[in-house]
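# Structural features, examined
Spelled out, the chains give:
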Amino acid sequence: MHAGNLLYLSRADVEAVGLDMTTIIERLEQAFREKGEGRVEVPPKPGIHPVKDAFIHAMPAYIPAMRAAGIKWVSGYPENYRRNLPYINALIILNDPETGMPIAVMDGAWITAKRTAAATALAAKYLARPDSRTLGILGCGVQGRAHVEALRALFPIERVYAYDIRPEAQAAYVEEIRAQHGIDVVGVSFPRQAVEASDIVVTAGPILKEPNPTIEAGWLAEGAFACPVDFDSYWKPEALAQVDRYVTDDLEQYAYYRKQGYFQHAPTPYADLGDLVAGKQPGRQTPRERTMAMNLGLALEDMATAVEVYRRALELGVGTWLPL
């Protein structure tokens, strides 16, 4: 650390440190174990909403065991693709837990993509069948790509069923994932085809406060696991009601979002991911259970990942030192 300076890490710098998905999942598991034991601070994220269905959120967290303290300032604008801009943009600030001094500012888009998928994979470790081989992806964007990488780190995924409302995005995704991972990737014409055929289902569209959901009761197969990273935007209430084990990544934030108007027709989670990782609540109990993790996305995940990026950047000499 350079006294009186902070380390700036661009998107290219963050990627250059070479943090792999398996390590991110391991760091998140450590962080959620600490959460389950009550040893972290993760307040519900406040936000502003300048445009319909868009958000800009402040996400602070402190993980003492990892010496990780900081905040992410993140935006999500569903219509950005029309401007050839990404849906998610973010900056992360890390602070020294002992002095409060800022020690790093880094791009948060790459970290957001990877940690979101890693959190799904971690939830799947406790809720999906270990022999899950087929993956349904609804939404062929950044998260659709990151989730293949994350879930293949823990499961023997052999085939991906892909759907997107934009045919050109779906076609590009099919070719890219097939070439990158060397697995069978099937583009489908309707969401139902992807959901019914899959052991694991990930919906990754934009988050909508007043959604027009698509997935109906009976589509999610017995024994399947689902993780909607777009909240309940894709899932009809009747489909959610069929889930046997329904968890979230944070019960307090789930309740907060309900007060803000989300999840009005969704179940009440029986546990959060920290409870599962710490062994305080059970995960999947039978092969036939339908399970779901309604992960909201926590600053805990960002700080656990960002502090590891920072440490590696120091070791490798990556980034630019800026005066405070």
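Placed above this text is the structure.
Here is a short report on the structure shown in this document. Predicted, not measured: the structure shown is a model, and the values here were computed from it. (Residues numbered from 1 in each chain as written. Predicted model: local features only at pLDDT ≥ 70, side-chain atom pairs only at ≥ 80, totals over all residues. Heavy atoms only, no water.)

## Here we look at the sheet that holds strand S3 (residues 55-63)
This is how the line gets drawn: Here a strand pair is declared whenever DSSP counts at least two bridges between the two strands. Runs of E in the DSSP output that reach at least two residues are strands. Runs of H or I that reach at least four are helices, and both are numbered from the N terminus. Two residues form a contact once any of their heavy atoms are found within 4.5 Å. In this analysis, axes come from line fits to C-alpha atoms, helices being fitted only over the stretch in contact, and the angle between any two N-to-C directions falls in the range 0 to 180 degrees.
Reading across from one edge, S2-S3-S4-S5-S6-S1-S15 is the order of the seven strands in this open sheet, with mixed pairing throughout. The open sheet has two edge strands, strand S2 (47-48) and strand S15 (320-323), and neither has a second partner. Here helix H3 (residues 109-127) sits on the sheet in contact with S3, strand S4 (68-76), strand S5 (88-95) and strand S6 (102-107), set at roughly 95 degrees to S5.

## Some remarks on the environment of phenylalanine 55
Tracing the sequence through the fold places phenylalanine 55 in strand S3. Taking C-alpha positions, phenylalanine 55 is 29 Å from arginine 192, a pair spaced 137 residues apart along the chain. Once residues lying within four places of it in the same chain are set aside, the contact partners of phenylalanine 55 are Ile48, His49, Val74, Ser75, Gly76, Tyr77, Tyr87 and Ile88.

## Here's the deal with the pairing of S3
To be explicit about the condition: Buried residues are those whose accessible area, probed at 1.4 Å on protein chains only, stays under 20% of the maximum for their type, while exposed residues exceed 50% and partly exposed ones sit between those limits.
Counting buried positions along S3 yields seven of nine residues, so the element is predominantly enclosed. Note: S2 against S3, two bridges, orientation antiparallel. Of the residues in S3, the one forming a bridge with isoleucine 48 is isoleucine 56. Hairpin connection between S2 and S3: a loop of six residues separates the two successive antiparallel strands, and aspartate 53 in this loop has a positive phi of roughly 65 degrees.

## Some remarks on the pairing of strand S9 (residues 184-187)
Note on strand geometry: in a regular strand, side chains alternate between the two faces of the sheet. Note the cut-off: Consider the strands pointing away from the viewer: the crossover is right-handed when the path from the first strand over the helix to the second runs clockwise.
Bridge count for strand S8 (residues 159-163) against S9 is four bridges, and the pairing is parallel. If you follow arginine 159 over to S9, its bridge partner there is aspartate 184. You can see the chain leave S8, run along helix H5 (residues 167-181) and come back into S9, and the turn it takes is right-handed.

## Focus: helix H4 (residues 142-152)
Looking only at H4, the buried set comprises Gln143, Gly144, Ala146, His147, Val148, Ala150 and Leu151. Against the buried residues of H4 lie helix H2 (21-36), H3, strand S7 (134-138), S8, H5 and strand S10 (200-203).

## Let's talk about the pattern of salt bridges
To be explicit about the condition: Salt bridge criterion: a side-chain nitrogen from Lys or Arg within 4 Å of a carboxyl oxygen from Asp or Glu.
The tally for this structure, following the rule as stated, stands at 28 salt bridges. Where arginine 192 meets glutamate 196, a salt bridge forms, and the shortest distance between an N and an O atom there is 2.7 Å. Of this pair, arginine 192 and glutamate 196 both sit in helix H6 (residues 191-196), separated by four residues, roughly a single helical turn. Assessed through its relative accessible area of 41%, arginine 192 is described here as partly exposed. Here glutamate 216 and lysine 236 are joined by a salt bridge, their closest N and O atoms 3.4 Å apart. Remark: lysine 236 occurs in the loop between strand S11 (225-228) and helix H7 (237-241) and glutamate 216 occurs in the loop between S10 and S11; sequence separation between them is 20 residues.

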